[in-house]
Amino acid sequence: LRGRREKGMNAADAIRYTLHTVGAAMFVNSLILSFGFGVLAMSTFKINAEMGLLTALAVLIALFFDFLLLPAILMAGSKFRSTVTKTKTQLVLTENEKTKSAPANL
């Protein structure tokens, strides 16, 4: 959103800008969290080991979706949003044309 608002970028450029600026931090953060919970997975207490393994997998799956699926969803939403905006603009223009062509009631 920041790239679109402040820098006047289109959706694809804004997504590239975001991944370029915060992508490395997201990757390192997720990797460290996964390793931390992976250590917990080596516990001899079964409940802790299972929780550590599931949490580490959940963090890695979330990272996968953040990098691959989220940009695709944002692009699709951007296309939908631009279509809705164009439709609303056309409706407003149509309404303005009707009011201009209608005779004034005095």
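Reference entry: report on the structure contained in this document. What you see is a predicted model; the values in this text were computed from it and never measured.

## Focus on the packing of aromatic side chains
In this description, a pair of aromatic rings is defined by centroid distance and the angle of the planes.
1) Next: By the definition in use, this model includes one aromatic pair.
2) Next: Aromatic pair Phe 64 and Phe 65: ring centres 5.5 Å apart, planes at 70°, arrangement edge-to-face.
3) Next: A residue is classified by how much of its surface remains accessible, and Phe 64, at 45% relative accessible area, is partly exposed.

## Some points on helix H2 (residues 11-40)
1) Next: Of all the bends in H2, the greatest, near 55°, is centred on Val 22.
2) Next: Residues of H2 that are buried include every one of Ala 11, Ala 14, Ile 15, Gly 23, Ser 30 and Ser 34, and no others.

## Remarks on a nonpolar patch on the surface
1) Next: Side chains of Leu 53, Leu 57, Ile 61, Phe 64, Phe 65, Leu 68, Leu 69, Leu 70, Ile 73 and Leu 74 sit close together on the surface and give an oily, nonpolar patch of about 910 Å² of accessible area.
2) Next: Looking at the element boundaries, Ile 73 is found in helix H3 (residues 46-101).

Reading guide: rules and limits
- Residues numbered from 1 in each chain as written.
- Predicted model: local features only at pLDDT ≥ 70, side-chain atom pairs only at ≥ 80, totals over all residues.
- Heavy atoms only, no water.
- Phe/Tyr/Trp six-rings, centres within 6.5 Å; stacked < 30°, edge-to-face > 60°.
- Buried < 20%, exposed > 50% of the residue type's maximum accessible area, 1.4 Å probe, protein only.
- Bend = angle between axes of the 7 residues up to and from the residue.
- Helix = DSSP H or I, 4+ residues; strand = E, 2+ residues; numbered from the N terminus.
- Patch = residues over 30% accessible without salt bridge, like charges linked within 9 Å, V, L, I, M, F, W, Y side chains within 5 Å.
- Areas by Shrake-Rupley, 256 points an atom, 1.4 Å probe, with all protein chains shown as cover.
- Salt bridge = Lys/Arg side-chain N within 4 Å of Asp/Glu carboxyl O.

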